[in-house]
Amino acid sequence: METDLRLESSLWVGSKRYRAVLTGWHFNWTEVDKKNRDKKTISVPVAEVVGVEEGRVEILPQKSVEDKDKDFTVFYVKRSSSGGSSGLLWRLGRTQFSCPSRVLRDQWTKHLRTALKTHSPLRPHRLLVFINPFGGKKKGRKIYHSLVAPLFELAGISSHVIVTERANQARDHLLKKDLTGFDGVVCVGGDGMFSEMLHGLIGRTQQEAGLCENDPAVTLQPCPLHIGIIPAGSTDCVCYATVGVIDPVTSALHIVIGDSQPLDVCSVHHASTLVRYSVSLVGYGFYGDVLAESEKHRWMGPLRYDYSGTMVYLSNRSYAGIVQYLPADPLLSSPRDKTRCLSGCSVCSRSTERLFPHAADSGSLYSSNLSQFSSDSEGEWVSVEGRFRCVSLTCMSSSCPRSPLGLSPSAHLADGTGDLILVWDTHPLGFLKFLYRHTSTQDQFDLPFVEVHRVKAVRFSVPSGKEEEAYEEIVGQSGGIEEEERGYVETVSRSGSQQHLAERDTGRQMTNEQKTANPFLCGLCCSKSPSVSVWNCDGEILPFTEILCRIHGQLVRLYARGIEDGTAAQHCSEERDKCERRCILHK
Ligand SMILES: Nc1ncnc2c1ncn2[C@@H]1O[C@H](COP(=O)(O)OP(=O)(O)OP(=O)(O)O)[C@@H](O)[C@H]1O
Ligand SMILES: CCCCCCCCCCCCC/C=C/[C@@H](O)[C@H](CO)NC(=O)CCCCC
Ligand SMILES: [Ca+2]
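Summary of the structure given here. The residue numbering used here restarts from 1 in each chain and proceeds along that chain's sequence as written. All chains are assigned letters beginning with A, and all ligands numbers beginning with 1, in the order in which they are written. Per-residue local features of the predicted model are confined to residues with pLDDT of at least 70, and side-chain atom pairs are confined, for both listing and counting, to 80 or more; whole-chain, interface and lining totals are unaffected and use all residues. To get the side-chain values, all heavy atoms of the structure are used, and hydrogens and water are removed first.

1. Details of the overall build of the chain
Rules: A helix here means a DSSP run of H or I that spans at least four residues, while a strand means a run of E at least two residues long, and both kinds are numbered starting from the N terminus. Partly exposed describes any residue whose relative accessible area lies between the buried limit of under 20% and the exposed limit of over 50%, with all areas from a 1.4 Å probe on protein chains only and scaled to the type maximum. Every residue pair with non-hydrogen atoms within 4.5 Å of one another is taken to be in contact. Only the protein chains shown count as cover for residues, with accessible areas throughout obtained via the Shrake-Rupley method and a probe of 1.4 Å.
From N to C terminus, the chain includes 16 helices and 25 strands. Considering the chain as a whole, with its 587 residues, one finds that 57% of them fall into the buried category. Across the chain, the fraction of contacts at a sequence separation of at least 24, relative to all contacts at a separation of at least 6, is 74%. When the accessible surface of the chain is summed, it comes to about 25200 Å², and 53% of that surface belongs to carbon and sulfur atoms.

Here it is as C-alpha cells:
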C-alpha cells in the first residue's frame, strides 16, 4: 500500500520550488533552495489533510475557485499556539501548489485522495446535526453556518441539520427516527445537548440489541455512531475534557478528519430503574447543592455557578451517607499516580483489549458481546459511612476552564473505571483549600480529609431514618438549626468489620455557639441545614438520594482524540511560527 501511494515530484508554491513527497502516511514538501540549509520540511500527516481541490481555491470568507489547470490546493489541520492553548487550538491550513503539467496535477490529486480514504477510515460522509438555538449565548445557528458548515462542505460531508424547538427533541429523534446512512451525530450546544445525544444513542443501541438498560449488571452494547460536539453552550466541559479547548473550528476539524475517542459512561440506577447516564460528574453534597442553588439564579448566566458556589460554601453543609464501592484493579492504574490521560493513552489502549477481548478476532469492536467483567473477577465491595462535604464520581478528569486539571487529574477517558472522591466533613478553611486546589496544579487529594478511589461501581445510601427526608427539602424548603453538633466520621466499615476512626483533620466542625459567634463563616447554615443533599448528574438534578452507579467502559465514541501532549504540540507551533505560518509537525 505504502509503495502504491508514493509520489514524488517538484512543485511550486508561489515563486519557490519545493520537493514534494507523498508517502502512505505523510505529505511533505521541502524548499529546494541553497539557503534552506537545514532542509526545513513541512510535513502534514495524511490523516490531517482536510481536502484536496483542483485549482487555486479559497473557502473563507467565501468559496472561490481560480481554475488554473496545473494547480491544486491542499487544506489541512494547522496547530495554533494562540491563547496559551499549547497547539490544541486547530485552524484550517491551506497551501496552493503549481505543477509542471496537468497530468502531474491530476496524479497528485488522485494520489492524495486515495491516501485520505486509505488512512482515515472513520471520516464521516453523512452527519445528523442538532443545533440548540438557545444554548449558551444563543449563537448556535451562527456558529454552525459560518464556522462549521464550510468545513463540512470542503470535506465532502453532507449533513442533515435540525434546529431544535424543544428540550429533548434531539434525544427523542435519536431514539425513534430512522438513522440509516448516518456515520455520526453532531450537537451544537453545551453539556445539556451532549447529554441528549448520549441518552438518545445509548437508548437506541440497547433497544436494537434487545438489552434492558434498567439492569445495572447488563453489559451494554457500545454505540455504533460517533458523537461530535460543536461547543456553543454556557458549560462545555465534555468538549474541554476530550479536546482540550472550547473552540468550534477545532471541534469541526476533529469531526472532519474522523478522529475517534472512546469514552466511559456511568449508568445511574435507583430502585432497579435506570435514572440517567453520566460521563462527567455524579456529585452529592457540595456539587449537588451548587447546582440546586444555581437553578434559582439562571438569569445570571454562567456566573450563577460562582454565585451559588459562594453561597453554598458559606452555608457550610455536610451530609451523612453510606458509600459502597467496587475497587478497580489497582495494578492497572491509580488516581494518585500523577499521570495524565493523553492522546493515545496506553492505559486506555490496554483497557480496550481487556474490555473487548475478542474484537480483533471478529474484526469489529462492536461485535463483542462478552461481559466486561468476564475477564476480571468482580472483587470485594468496600463500605464507608460518615459525614461528607461531597461525594463525587467522575468517569474522566472533568477538566474545564474553571479547573484546567479537573476533578480527578489522573482519571482516564476510556479505561472502564471512574474515580470516587470522598471529602469527609472538615472545617470551612480546609474545604476551601480543597476547592481552591482545583484551580491550580496543587494536589487536591493530598489533604487528610480527602480520599480518592478508582472504582467500577458505587452505591450510595443514607443512614436509616434520613431516607424519608425527600430531596425537595433542599430544592427550596426550610430546614432549621441542626440540634446535634455535626461530628466527623463516626464509623467506617470495611468489608463488614466495624472500625472507629480518629478525626480526619485537626480542625473541627464549628459548634452551634461558634456558628452564632461567626455569622460570616456560618453563612446560610444558620437559617437552614437540610439533612440530605441532591445528586448533580452532569448538570441535571436527580430526584433520588439512594443510587447505584456502574461504569461502562468505552460505551460511546466521540469525534475527538483526547488531549495532545502539550510539549510536543508547543514545540510544533513554535517551529511553525519560525517558518512563516507553515505547519511543521514533528511526529
Ligand atoms: N429548542 C430548545 N428549547 C429549549 N431547550 C432546549 C432546546 N434545545 C435543547 N434544549 C435543552 O436546553 C438545555 C441546555 O442546552 P445546552 O447544554 O445546549 O446549553 P447551555 O447553555 O450550556 O445549558 P445550561 O443552560 O444548562 O448551561 C439542554 O438540556 C437541552 O435539553
Ligand atoms: C475558591 C475557589 C473555588 C473554585 C472551585 C472550583 C471547583 C471547580 C470544579 C469543577 C468541576 C466541574 C465538574 C463538571 C460538571 C459538569 O458535568 C456539569 C455539566 O456541565 N456542570 C455543572 O454541574 C456545573 C456546576 C459545577 C459546580 C462547580
Ligand atoms: Ca474512566
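Text resumes after the structure shown.
2. Some remarks on the coordination of the calcium ion (ligand 3)
Let me state the cut-off plainly: Coordination here is defined by N, O and S atoms within 2.8 Å of the metal (3.2 Å for Na, K and Ca), and since water is not considered, a site can look incomplete.
In this structure, Asp264 (OD), Cys395 (O), His412 (O), Asp415 (OD) and Thr417 (O) serve as the protein donors to the calcium ion (ligand 3), at separations of 2.3 to 2.5 Å. Motif for the calcium ion (ligand 3), donor spacing along one chain: D-x130-C-x16-H-x2-D-x1-T. Using a relative accessible area of 2% as the deciding quantity, one classes histidine 412 as buried.

3. Here's the deal with the site of ligand 2
Here is the rule we go by: If even one non-hydrogen atom of a residue comes within 4 Å of a molecule or strand, that residue is called near it. Pairing of N or O atoms within 3.5 Å defines a polar contact, subject to two protein rules: one partner must be a possible hydrogen donor and the other a possible acceptor, and residues neighboring in sequence count only if both atoms are side-chain atoms. Residues are grouped as follows: nonpolar covers Ala, Val, Leu, Ile, Met, Phe, Trp, Tyr, Cys and Pro; charged covers Asp, Glu, Lys and Arg; every other residue, Gly included, is treated as polar.
Around ligand 2 sit 15 residues, and of these Asp191, Thr235, Ser280, Tyr305 and Asn536 come closest. Between ligand 2 and threonine 235, the relevant distance is 3.4 Å, taken from an oxygen atom to a side-chain nitrogen or oxygen of the residue. Contributing elements (two or more residues each) for the shell around ligand 2: α8 (286-295) and α12 (428-437). Of the residues in the shell around ligand 2, the class split is 7 nonpolar, 6 polar and 2 charged.

4. A short note on the side chain of histidine 254
Within the secondary structure, histidine 254 sits in helix α7 (residues 248-256). Looking at histidine 254, the relative accessible area reads 2%, which means it is buried. Other than its neighbours up to four places away in sequence, histidine 254 contacts Trp90, Val243, Asp259, Tyr559, Ala560 and Arg561.

5. Concerning the environment of serine 81
Within the secondary structure, serine 81 is located in the loop between β8 (71-80) and β9 (89-98). Serine 81 sits 30 residues away from histidine 111 along the chain, and the two C-alpha atoms are 31 Å apart.

6. Concerning helix α5 (residues 191-209)
Inclusion rule: How far a helix is expected to stretch is found by multiplying one less than its residue total by 1.5 Å.
Taking 1.5 Å per residue, 19 residues should reach 27 Å; α5 reaches 27 Å between its end C-alpha atoms and fits that length. Counting buried positions over the 19 residues of α5 gives 15, a clear majority of the element. Trailing α5 by a residue or two, glycine 210 shows a phi angle of about 70°, which is positive.

7. A closer look at the pairing of β9
The criterion, for reference: Pairing between strands requires that DSSP locate at least two bridges from one strand to the other.
Taken across its 10 residues, β9 has 8 buried, putting it largely inside the fold. Strand direction decides the pairing type here: β8 and β9, joined by 10 bridges, are antiparallel. Directly across from threonine 73, in β9, lies its bridge partner glutamine 96.

8. Looking at unusual backbone geometry
Of note, the phi angle at asparagine 168 is positive, near 70°, even though the residue is not glycine. Topologically, asparagine 168 is positioned in the loop between β11 (158-163) and α4 (169-176). Look at lysine 338: it is not a glycine, yet its phi comes out positive at around 65°. Position of lysine 338 among the secondary structure elements: in the loop between β17 (319-327) and α10 (346-355). Residue lysine 338 is classed as exposed on the basis of its relative accessible area of 63%.

9. Looking at the packing of aromatic side chains
Just so we agree on the cut-off: Two aromatic rings, drawn from Phe, Tyr or Trp (for Trp, its six-membered ring), form a pair once their centres lie within 6.5 Å of each other, and the interplanar angle then sorts them: stacked below 30 degrees, edge-to-face above 60, tilted otherwise.
Evaluation of the coordinates by the stated rule reveals 17 aromatic pairs. With 5.4 Å between their ring centres and 75° between their planes, phenylalanine 286 and tyrosine 287 make a pair best called edge-to-face. Here phenylalanine 286 and tyrosine 287 have matching classes, each one buried. Taking the centre distance of 6.5 Å and the plane angle of 15° together, the rings of tyrosine 313 and phenylalanine 431 count as stacked. Pair noted here: tyrosine 313 is in helix α9 (residues 303-315) and phenylalanine 431 is in helix α12, with a separation of 118 residues, a long-range link. Given the relative accessible area of 2%, phenylalanine 431 is considered buried. Put simply, the rings of Phe27, Trp29, Phe72, Tyr76, Phe97 and Trp108 touch in pairs and so form one group of aromatic residues.

10. A few points about the site of ligand 1
In the neighbourhood of ligand 1, 21 residues make up the surrounding shell, with Gly136, Thr164, Glu196, Ser234 and Arg298 lying closest. Contact between ligand 1 and arginine 166: a nitrogen atom at 3.3 Å from a main-chain N or O atom of the residue. It is α5 that provides the largest number of residues to the shell around ligand 1, a total of 4 residues. Taken together, the residues of the shell around ligand 1 sort by class into 4 nonpolar, 11 polar and 6 charged.

These values are about where atoms sit, not about what they do.
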